[in-house]
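Observations on the model geometry
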Amino acid sequence: MSPVIPVIILALPLFMFIFLGLCGSKMKHPVAGFLGTLGLGVVMVLSYYTAFTYFFSGAPEFISAAGERLQCVMFDQTWLQFTDTLYISLGFFLDPISAMMLVVITTVSFMVHLYSLGYMRDHHGVYEIGFQRFYAFLSLFTFSMLGLVVATNIFQMYIFWELVGVSSYLLIGFYYRKPSAVSASKKAFIVTRFADLGFLIGILILSFYTGTFDFTLLTSAPVEGMSGVYHVDINTAEGILSTFTSHPAPVFMGASVLTWALVLIFMGGMGKSAMMPLHIWLPDAMEGPTPVSALIHAATMVVAGVYLVARLFPLFLMEESALVIVTVVGALTAFYAAVVACTQIDIKRVLAFSTISQIAFMMVALGVARPEHHESLGYMASMFHLFTHAMFKALLFLGAGALIHAIGSNDYTAMHGLRKHMPITHWTFLIGCLAIAGIIPFSGFFSKDEILSACGSYSTLVYIWMSLVAGLTAFYMFRLYYLIFWWKEHEIPAGHHAPHDQPWTMSLPLIILAAISCVAGFIPFGKLVSWNGEPYDFMAHFDWGVASVSLAVAVAAIALATVMYRKENALPAKFKNALPNLWKWAHLRFYWDELYMFITHKIIFNGVCRALAWFDRHIIDGTMDAFAAITHKASDVIKPMQSGQVQMYTWLYVIGALLLGGITILCLM
Amino acid sequence: MDYAQFLAMKQEIALLVVFLIVFLYDLFMPERSRRALPAVSAVLMLIVTAAGFFCDYFGVSAPTEAFAGMYATSPVIATIKNILNIGMVIVLIQSAKWANSEGMVMRRGEFYELILVTLFGMYLMISARHFLVFVIGLECASLPLAAMVAFDKSRYESHEAAIKYILTAVFSSAIFLMGLSFVYGLAGSLYFDNIYMALMGHNTKMLVVALAFVIAGIGFKLSLVPFHLWTADTYQGAPTSVTAYLSVISKGATAFAFLTVLAQAFGLFYSQVWEWMLYALIILTITVGNLFAIRQRNMKRFLAFSSISQAGYIMLGIIAYNALGVAAMMFYILVYIFSNLAAFGVIGAIENATGRVSMDDYNGLYKTNPRLAFTMMLAMFSLAGIPPFAGFFSKFFIFTGALQAASPAMYVLVLIALINTIVSLYYYLLVVKAMFIKDDECVIAPFRSACSERIGMWIAVAGIIFLGLVSPIYDSLIAIAQSSELSSFFLK
């Protein structure tokens, strides 16, 4: 495949961003929206072509004769060459997971582009202020996310990592006249930036010891006879490990330096993927327009952390402790978010916590993946769940967007009983709920089942724990579903017309995503994606025991939700009153935000910042003021030199020339 | 005589052809079509530039000498001339509106002829391998400029600027020729090569003085401190297009010529003599230029001092004295051309429309002319060296080149240069602050700049944004500079 197509895939969204950013405000709203959607449509087609070629063409640079999927560097341009070994390059790296991500990103992004054509205008057809800006930012985000997944080296990944952070910031704060949106965007940016600090330190440690940023040099070995083609090789990772251990100080504060590097890199992933305790930004990020939540905060950007761990997976395999940390963080987060999701009123917050919980599932799957357990089933399961989750969660968010668009409120208390008024939304939302709950044959069943199988082969405790969380997932999703669409008849506020389904631009993405969620589970994912590129026969490892248990748990949870929420009754209130403190704590998200506020405002601001502020104001500013005063004084002193008289100029000229010669003679002879 | 050797001078010949076409066009075309003269010259120059880049540097693939070794060309030299051509194209485009303005119509042709002749002189300076040719080039590049500075006949300042320029130019030529006569006395030849060989073993006071005079003579054109005093007055008084030309093309060309003279004729005395002279001059130039720039309120005068200080940074590429330094210098000048011409484009547009050049008039410019304010901001950011604009990368590379020498003295020099960038940031941001933060009523009413001015600014802005980010540009400059030709250039 020629490298032209990858270049276009990256360049076109960037061009659309610049074009819409500069000229968008001059265009009519629909023109800008249409151009943005069209541009993304082209990118989507090209990405499909690329992924299809990669998976199915059988070209020798993509798949070896033995059937092993290879990693192909489509192009790699050195961008900044500092020294012979230290350089930063920008390139396009094609391997199973990046090809899969190309499909995920462009599909969801295209759906969101299309959907926003209808969403970003009110019932009278008037477009939102900044509609063109919205499309420009969507293009910027798509560009950054694509650049992130195809990075050939960890530094490129870091650059695009920050770029997605910026686009997320811009889009969360899209309604910049709303104070809550502004503070949510700042919160998201600051929290993820804080995590990225760890990421950067991790990158620097890793590259300091290994002398490279390239993924191919960290995890793969070149395939003989072909340039730019690699395959995953555990020996390379072992070589990296020995570089670390041969160093004089391989241990720092009880953990090896490689563990430190990996954990710090994982910290960046925790920030982006909203793992506890860095999850606090994601629920607030729901202040952004709902299509943005679907694209960035459900399907693509928030899984970047999972993608990062998967990308460096062979290195993580070298350090058991790092993987254990991934597992523990993931398991705790999954449970925490699921509990909180059971008590939220704002439907987008429920979905946000559900996203946190589901991403934590993927993290756990990576954490429990070991080559000796079903050949790293967890890795494949994690990527599979990433794929299916992106589709059904985008579906749920877009459905929630349709509800919010129709009702004008985020709370389910304003909804209730909408199934008759909005049938398309109702049915697609139900499909999304069934998929996430893990009901056969919807896609979530397959991916979640594989995650549970992987947990089961690693440790029984993790398996039981995650099955419990899976049950909670089914419960809170159906609680949400019933409270929105059933519970009681919808009351139409006086002076409003009845809510109705949305225009086709919004319905079409819902239907397509629902269709994908129905069939995606049957994709033979193991044949396409596995940790070392070797095809993996999933059916050979399929565990009917695990499958039936998880199905039973899901059905039981749904049944419970049905009893409690299908028809208006006093049961939920009873539960709430029986455990008032638990309910309150969960509803207030276990006071994490307050804890952060306390630490930053009370401890850090008072204890550290005051002293620093004093130092800054008096010592640093004082020095700078003195510096500026001296500069001005010196400038005053030499002012007469520029007298405006040519005689004077020539005098100084001669004196200058003579002094130049004279002083040189005196000093050097 | 072997006429085939003229073929070595392809770039000069192309330039002369442009000159002749412009000359004939101006002479014989009817008055009405003569309004297109700026466009014609810009297009012709663009063709020459494009040909230079796409036809393998005009077929200059290896070092070539002609006329008994008085003239030399090579890929490096051809690239340098091409870089100057780019700047020339932008200047020609930007000057179009001014050249077609009321008072200028009668003299429009002369302006374009003179400006092309000065470029020819600069070509000769860069290619010269004999001091006679060099002096001819130098004068060819200097004298027409005096006429160009005086082009606004109706303005008193223009005359003042021209007389200051011509007097200093004559004076510096005298000093330069005096230094040259010392050199001739010592070496007995004016060929760079012969001087180089003949001075081997010499290390007399006479030579030091001669070298000081030569540096002073060339330093005048580069406006190195203390040979810079004409600069501010001339820049302020001259028509803006001429100021732009003086500050960018003239400076860039002289910097390359300076490098050639120092390396080829006096290369032996690098570490003993002229490294230290340049060392002192660089510190003086950057610092004094900055200190004066802080207090300026007139935009053209402000950019005059800014360009003095920028010349100091360009000199870092010479003092580095290695291939990386040369590549960094070429890149620096390329970026500097775009950044400075963006600034001058804005100043020229505003001056042509409203006649205002004071920094105080720019207060609140963002509200009335957001695009001009934005262009100016990019130019200031690039000149100050703020990433991710091209100016950051050019400063970064030129420091890298200087640090490659890895001597403590160089570290100190780069440190001083770095401190000075902080000072320069202050005054560049003053302009940005005036435009964006000061919320006075802007005295410059909203206006639409001429098409030519906009094209010029668009090109410059594109350069500012992309030169730094598109790494192949710098990589190819490095590749050219590291070719075998240059290693002999320095090791001789």
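Residues numbered from 1 in each chain as written. Chains lettered and ligands numbered in written order. Predicted model: local features only at pLDDT ≥ 70, side-chain atom pairs only at ≥ 80, totals over all residues.

1. Examining the overall build of chain B
Quick note on the threshold: In this text, helices come from DSSP runs of H or I with a minimum length of four residues, and strands from runs of E with a minimum of two, each type numbered from the N-terminal end. Exposed residues have 12 or fewer other C-beta atoms within 10 Å of their own C-beta, buried residues have 20 or more, and partly exposed residues fall in between, where C-beta atoms are placed from the backbone. What counts as a contact here is a pair of residues whose C-beta atoms, placed from the backbone, lie within 7 Å.
Along its length, chain B carries 21 helices and two strands. Based on the C-alpha atoms only, the size of chain B along its principal axes is roughly 65 × 55 × 45 Å. Each of the 492 residues in chain B was classed as buried or not, and the buried ones make up 58%. Counting only contacts in chain B whose residues sit at least 6 apart along the sequence, the fraction spanning at least 24 positions is 79%.

2. A closer look at the overall build of chain A
For clarity, the threshold we go by: Note that the radius of gyration is over C-alpha atoms, with the globule rule given as 2.2 Å times the number of residues to the power 0.38.
Per the secondary structure count, chain A includes 27 helices and six strands. Its C-alpha atoms give chain A a radius of gyration of 28 Å, within 12% of the compact-globule value 26 Å for 669 residues. Its C-alpha atoms give chain A principal-axis dimensions of roughly 100 × 65 × 50 Å. When burial is assessed residue by residue, chain A has 53% of its 669 residues classed as buried. Long-range contacts, defined here as pairs at least 24 residues apart, represent 78% of the contacts in chain A between residues at least 6 apart.

3. As for the sheet that holds strand β1 (residues 71-81) of chain A
All names here are of chain A. Put simply, the rule reads: Strands pair, by our definition, only if DSSP identifies at least two bridges between them. To obtain each axis, a line is fitted to C-alpha atoms, and for helices this fit is confined to the stretch in contact; angles are then taken between N-to-C directions over 0 to 180 degrees.
Here we have four strands laid out as an open sheet, ordered β2-β1-β4-β3, and antiparallel in their pairing. Only two strands of the sheet have a single neighbouring strand rather than two, namely β2 (87-94) and β3 (220-222). The average angle at which neighbouring strand axes cross in this sheet is 40°, direction not considered. Sheet topology places β1 next to strand β4 (residues 229-232); two bridges connect them, and they run antiparallel. The residue of β4 that forms the bridge with Gln71 is Tyr230.

4. Here's the deal with the environment of Leu425 of chain B
Position of Leu425 of chain B among the secondary structure elements: in helix α18 (residues 408-436). Placed 44 residues apart in sequence, Leu425 of chain B and Phe381 of chain B show a C-alpha to C-alpha distance of 8.3 Å.

5. Concerning the interface of chain B and chain A
Our working rule: In this count, Pro and Cys sit with the nonpolar residues alongside Ala, Val, Leu, Ile, Met, Phe, Trp and Tyr, while Asp, Glu, Lys and Arg are called charged and the others, Gly among them, polar.
Each partner contributes to the interface: chain B provides 30 residues, whereas chain A provides 25 residues. In terms of residue count, the dominant contributor to the side of chain B that touches chain A is helix α12 (residues 270-294) of chain B (eight residues). Taken together, the residues that form the side of chain B that touches chain A break down as 22 nonpolar, four polar and four charged.

6. Considerations on the pairing of β2 of chain A
Residue and element names in this part refer to chain A. β2 sits mainly inside the fold: six of its eight residues count as buried. Direction of pairing for β1 relative to β2: antiparallel, over a ladder of eight bridges. By the bridge assignment, Val73 is partnered in β2 with Phe93.

7. Quick word on the environment of Phe446 of chain A
Residue and element names in this part refer to chain A. Relative to the helices and strands, Phe446 resides in helix α18 (residues 443-458). Judged by the 25 C-beta atoms lying within 10 Å of it, Phe446 is buried. Linking Phe446 and Phe361, residues 85 residues apart in sequence, is a C-alpha distance of 13 Å.

8. Here we look at the packing of helix α1 (residues 4-23) of chain A against helix α2 (residues 29-56) of chain A
When two helices pack together, their arrangement is given by the angle between the helix axes and by the axis-to-axis distance. All names here are of chain A. The line we're drawing: In these notes the angle categories are as follows: under 35 degrees is roughly parallel, over 145 is roughly antiparallel, 65 to 115 is roughly perpendicular, and the rest is oblique.
One can describe the packing of α1 onto α2 by two numbers: an axis separation of 9 Å at closest approach and a directional angle of 170°. Taken together, the axes of α1 and α2 are roughly antiparallel relative to one another. Together, Ile5, Pro6, Ile8, Ile9, Leu12, Pro13, Met16 and Leu20 of α1 and Ala32, Leu35, Gly36, Gly39, Leu40, Val42, Val43, Leu46, Ser47, Tyr49 and Thr50 of α2 make up the contact between the two elements. Of the residues assigned to the contact of α1 with α2, the class counts are 15 nonpolar, four polar and no charged.

9. A look at helix α6 (residues 179-210) of chain A
To keep things clear, this is the line we draw: Here, expected helix span is obtained from the residue count minus one, scaled by 1.5 Å.
Here α6 of chain A spans 46 Å end to end across 32 residues, near enough to the 46 Å set by a 1.5 Å rise per residue. Count one or two residues on from α6 of chain A and you reach Gly211 of chain A, which has phi positive near 70°.

10. Description of unusual backbone geometry
Residue Pro441 of chain A is bonded to the preceding Ile440 of chain A through a cis peptide linkage, with omega at 5°. Residue position: Pro441 of chain A is located in the loop between α17 (423-437) and α18. At Ala68 of chain B, a position not held by glycine, the phi torsion is positive, near 55°. Looking at the element boundaries, Ala68 of chain B is found in the loop between β1 (64-66) and β2 (71-73).

11. Quick notes on the pairing of β4 of chain A
All names here are of chain A. Alternating positions in β4 separate into two faces, Val229 and His231 on one and Tyr230 and Val232 on the other, with burial throughout. Pairing analysis gives three bridges linking β3 to β4, with the strands arranged antiparallel. Within the sheet, the bridge partner assigned to Ala221 lies in β4 and is His231. Two successive antiparallel strands, β3 and β4, enclose a turn made up of six residues, where Gly225 displays a positive phi of approximately 85°.

12. Thoughts on the confidence of the model for chain B
The condition that has to hold: pLDDT measures the predictor's confidence residue by residue and takes values from 0 up to 100.
Put simply, chain B has an average pLDDT of 89, and 97% of its residues get 70 or more. Interface confidence for the predicted complex, given as ipTM, is 0.89, next to a pTM of 0.74.

13. What to know about helix α27 (residues 646-668) of chain A
Taking 1.5 Å of rise per residue, the 23 residues of α27 of chain A would be expected to cover 33 Å, and the 33 Å separating its terminal C-alpha atoms lies within 8% of that figure. Taken together, the buried positions of α27 of chain A are occupied by Val646, Tyr649, Tyr653, Gly656, Ala657, Leu660, Gly661 and Thr664 of chain A. The secondary structure elements touched by the buried residues of α27 of chain A are α7 (156-187), α9 (205-222), α10 (230-237) and α12 of chain B.

14. Observations regarding the nonpolar core
Worth spelling out the cut-off: By definition, a nonpolar core groups buried Ala, Val, Leu, Ile, Met, Phe, Trp, Tyr and Cys residues that are joined through C-beta atoms within 7 Å.
Core analysis: the biggest nonpolar cluster contains 221 residues, and Val364, Leu366 and Ala394 of chain A have the highest contact counts within it. Leaving out residues up to four positions away in the same chain, Leu366 of chain A has contacts with Val306, Val309, Ala310, Phe313, Val326, Gly378, Tyr379 and Ser382 of chain A. Membership of the second largest hydrophobic core comes to 198 residues, among which are Leu124, Ile195, Leu211 and Ala434 of chain B.

15. Observations regarding the packing of helix α17 (residues 390-403) of chain B against helix α19 (residues 451-469) of chain B
All names here are of chain B. As a packed pair, α17 and α19 sit with axes 7 Å apart at the nearest point and diverge in direction by 45°. Judged by the angle between their axes, α17 and α19 are oblique. Note on element contacts: α19 touches α17 through Gly463, Ile464, Leu467 and Gly468, opposite Ala390, Phe392 and Phe393. Looking at the contact of α17 with α19 residue by residue, the class counts come to five nonpolar, two polar and no charged.

16. Comments concerning the environment of Ser256 of chain A
As for its placement among the helices and strands, Ser256 of chain A is situated in strand β6 (residues 255-256). Once the C-alpha coordinates of Ser256 of chain A and Phe244 of chain A are considered, the two residues, 12 residues apart in sequence, prove to be 8.3 Å apart.

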